[in-house]
Each structure stands twice: as structure tokens, then as C-alpha cells.
Amino acid sequence: MNRSSATLASQSVAVALPARPKPSEGWWATRHADVKHIRVAFPTGKRLERAVIHLFIPFLVVCFGHTAHAITLERVLQTTLEKNPAIQEAKSGLEQAAGQRLVFRSVVWPHAELGAPAGVQAGHRAGESGVKGFFVGRGWLTQTLFDMAVPPSLRRGDIEVLIAQQQLNVAVVEQLHAARLAFYTALYNRSLESIRDEQRQKLEENVTTQKDRFEAGLADKSAFTSATVQSSELVPQIESAHGAYRQAQLKLAEAMGIDPGKSTLPEPEGELQFVPRRVDVDSETAAALQRRADLKLARLFVRAANEDQRIIAAGYYPVVVGSIPAEFVPVTGIHRQGSTSKTQDFIGSEIREKAAYTWRVIDNGEVGGAVLKARAAREMNELTCRKLEANVGRELSRIANDLRGIEAREGSLSAASVAAEEGARTVRENVASGLASPYEYRVSENAFLKTRSGLLDAIYQHNMALAEWDRATGHYFQFSDDTAPNVH
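Sequence order as written defines the numbering, with residues in each chain counted from 1. Only residues with pLDDT of at least 70 get local features here, since the model is predicted, and only at 80 or more are side-chain atom pairs given and counted; chain-wide, interface and lining totals rely on the full set of residues. Remark: hydrogens and water are excluded; side-chain values derive from all non-hydrogen atoms of the structure.

What about the pattern of salt bridges?
When the charged atoms of two side chains with opposite charge come close together, those side chains can pair. Counted as salt bridges are all cases of a side-chain nitrogen of Lys or Arg within 4 Å of a carboxyl oxygen of Asp or Glu. Inspection of the entire model under this criterion finds 22 salt bridges. Between E407 and R278 there is a salt bridge, with its nearest N and O atoms 2.9 Å apart. Highlighted residues: E407 in helix 8 (residues 366-432) and R278 in the loop between strand 10 (267-268) and helix 6 (281-291), separated in sequence by 129 residues. To sort residues, take the accessible area from a 1.4 Å probe on protein chains only and compare it with the maximum for the residue type: under 20% means buried, over 50% means exposed, and anything in between is partly exposed. Given a relative accessible area of 15%, E407 falls into the buried group. Between R471 and E468 there is a salt bridge; the shortest N-O distance is 3.0 Å. Here E468 and R471 lie together in helix 9 (residues 438-472), a separation of three residues that amounts to about one turn. Residue classification places R471 among the partly exposed positions, given a relative accessible area of 22%. We count a stretch as a helix when DSSP gives it H or I for four or more residues in a row; a strand needs E for two or more, and each element gets its number in order from the N terminus.

Have a look at this one:
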């Protein structure tokens, strides 16, 4: 097995690529693609937990007919992982979450302040007169001793990092899936353009044949005109397929982080292939509920809202704070602010220890209203999470039904395409010798083009459905259970 590695910013990405298979000998030859695993380690927070992430790139059903500037699907996915702007933005969000985690945890740390008031004091009081300069050094050290908001704040900081991790996961899944769909769409429209262009060339040959027969007096002009019209009808269809192919290339470049103005558009390598796949809806539904990144993210939002509610509800309880104020006075005879006698003046440096507590008895609904709002947000998150979980089974059942229907359609169209090609070849030979009418030729060629295009469309829909299945089952991306924190 050949191996290559890529660097994703400050994080390492190891991509294991299989040996390149030989080109297929037939247009619709099937090939079983190897399964690729990409492992990514992301650091998080001040000492961020290392999360090893496995990217599953299943069944890359492409035929590797190499061209000069062609790009394979695995290379598309690897480049998307490295350079996609949305993924890079999600990585930045992970670093921001690490800073936000420090903010949540700061509630348990001591708080220290230093001050150095200095100035000139003037005025008259009994037994004193004149102007005095002064300098006072002050310091405060406070430590929370009891606060009901401390435990949920610590948990909330950890959840903030986990949310950012799962948001990165979701971004990776979405962008890899978009790149894969764009790759398949490009292959489909390029093949469709090739099929129509090949058909147009055959019709051009018939135009030449009918022209020769008309000039030789063996056929009337209507046969020549009909052949010309039939050939011209394919021109806009070819242009439409070419335009759709260019659009797919642009989407592919966008997913890969390529600037079309500074670089050539990516040229997909290979052709679409049909590889039947049997799926188990029940087992995959249970697995998807555990590994899908969007479901994990929804559960984390529920946990975060619950901790936010607890932090706000801590306002119902008292807060106990320990304090150590200190004052350094280099001179004496300086009046304290608001003092009325000498007994209240500074007489030297001092350190005092004290503890104080506050308890909000009447809040006029300030805390209660905030708690109700936080509870409503948590309930909305819970409802959204339950909807997502309930939709997994329905979505997988729909995709499984689509796969079965597409496979049946592909089998029928494959047989019909062979019969249509044989019939079109027979009519084509008879038209050249004048044994078949132009109408029969038109019908046979249209039937052949329709079945061949339909077969290509079935193969394309099958690949798209497989991509949707991998996304819906969470096969693109998941945490490793042995290294990642439990986020269920």
C-alpha cells in the first residue's frame, strides 16, 4: 500500500491511500473501491484533550483512467480537508472555544488587584497645618469560597470545547460530502456529453449517407432533411451537458479551496461505476445514533443549555468570598478618605483578613425570569435533538428504498441498452442500403440514446444515494472512543 501524508495547519493528517488500480477495460465495468481511513488529531484548549478522528471514505467507485491533469476522488477529499475555507473557519472556532473555556473556569481562580494612590494633601484640622505629600500602596486578594455557579461553570467550559469540536466535525462532513457530490456530478455530465457527442457523430455519418443517396437519385430530399434535423437536435443537449460539467467543476474547486481565477479547474479522473451494495437499516440506524456528528452536537447544545440554566439559578443562593486587603503606608499623619479624627488616620502598613457573604433575598423576578428563559432554550434544544434522532431511521429507510429501486432500474436499463444498441446497429446498416426508412432510423437511434442516457443516470443516482447513505449513517467522520471525551 502506498502512503502519503498531508499537514492541516498546526495539526497532522495521515492519509492512507491504496495502490492505484489498472484502468477498466469496459465502459460499464464495475470495480470495488478500497476503504480509506483518515486519522486527524486536533488539540483543544490550554491543555486540550486530543481527539483522534477517523474519516471514512467508503466505496470510491471510480475508474482510474489517468490523464495529464486529472484528480482522483481521494485526492479531492484530502485537499478539501486541508484547504476548504469552512473547515479552516471551524478550526479557528475551536481555538476560540479554548479561550471561552478559560473565561468559564475563571470563576474559581483568586482575584488580585494592586493600586498606588499618591498625591498632595492640604487643609487645616486641630493641631495640624500645612501641605503634605503622600503615597499609599494597596492590594486586594479575593477568593470565592462558596458559589453554586462554580460546578456548572466548570462543566460549561468543557462543553464549550466539545461543541467546537463537533462543529468542526459537522463542517468536515458537510464539505467532504459536497466535494464528493460535485465529483460525481462532474463525471456524470462529462460522460453524458460524451455519449451525446458520440451519437451526434453517428448521425452525421447518416447525414452524409443520405446526402450521397439523394445526389445519386436513390432517395428523396426529405430523407436528407430528416437526417440533418435529427443530428442538429443533439447540439443544444451537448452544450447543456458541457455547461453542467463546468458548473460541477466550479463547485468542486470551491470545496477544495481553489481560486478559479488563479488556477485551472480540477479535472475529475475516471468514470462512474455501478457497485451493488446491501444495507442493513436497523443496525445502521443504531450505529448512526451514536456516531453522527450533528446528533452529538445537538446533545451538547442540550447539555450546554442545562448548565446555563444552573449558572443563572445560582443567583438564588448565597455567595461566600474570602478577602485579604493590604495597605502599605511609607509616612504617617495622612488622613483616610472621610476620616474625622486622628484615630482614623493612617498610622502604618496593615493587612486585614475577612470573609463576607451576599444573599439576594428579593430580586423582583430578575433571576427567576432569566431562569425561565434558559429553561425554554433548553427545552427547544431537547425538542430539536429528539426530532433529529427520530428522523435518522426514516431517512435511512428512504435511502435504502431508493438504492433498491435504482438497482432494479439499472438492471432493466442495462438489458434494454444492449437490445437497443443491437437494434440501432441493424437499422443503421439497413438505412445505408435503403432497406429501412429514415423514420425507423430516427426511432431506433432515439431509443438507443434514451436507454444509454438512462443507464448512465441510474449509475449516477446510485453513486449519489451511496454518498447520502454514508452521510446519514455517519461513516464520514467520528471520534475515537478510546481518546475522545464522552459527548453523548
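Quick notes on the side chain of H462
Relative to the helices and strands, H462 resides in helix 9. Overall, the relative accessible area of 0% leaves H462 in the buried class. Excluding anything up to four places from it in sequence, H462 contacts F274, V275, P276, L403, I406 and E407. Only heavy atoms enter the contact rule, under which two residues are in contact if any of them lie within 4.5 Å.

Comments concerning a nonpolar patch on the surface
What makes a patch is a set of residues exposed beyond 30% relative accessible area and free of salt bridges, joined within 9 Å when like-charged and within 5 Å when nonpolar (Val, Leu, Ile, Met, Phe, Trp, Tyr). Reported accessibility uses the Shrake-Rupley method at a 1.4 Å probe radius. Residues are deemed covered only where the shown protein chains occlude them. Judged by side-chain polarity, L145, F146, M148, Y316 and Y317 come together as a nonpolar surface patch covering roughly 490 Å² of accessible area. Along the polypeptide, Y317 turns up in the loop between helix 7 (293-313) and strand 11 (319-328). Residue classification places Y317 among the partly exposed positions, given a relative accessible area of 41%.

Concerning the packing of aromatic side chains
By convention, a stacked pair of Phe, Tyr or Trp rings (six-membered ring in the case of Trp) has centres within 6.5 Å and planes under 30 degrees apart, an edge-to-face pair has planes over 60 apart, and any other such pair is tilted. Under the criterion given, the structure shown has two aromatic pairs. Judged by centre distance (6.4 Å) and plane angle (65°), the rings of F183 and Y184 are edge-to-face. Each member of the pair, F183 as well as Y184, carries the same accessibility label: buried. Relative to Y460, the ring of Y188 lies with its centre 4.3 Å away and its plane at 20°, an arrangement referred to as stacked. Here Y188 is found in helix 3 (residues 150-215), whereas its partner Y460 is found in helix 9, with 272 residues between them in sequence. Assigned by exposure class, Y188 and Y460 land together as buried.

Worth remembering: the numbers are spatial, not functional.
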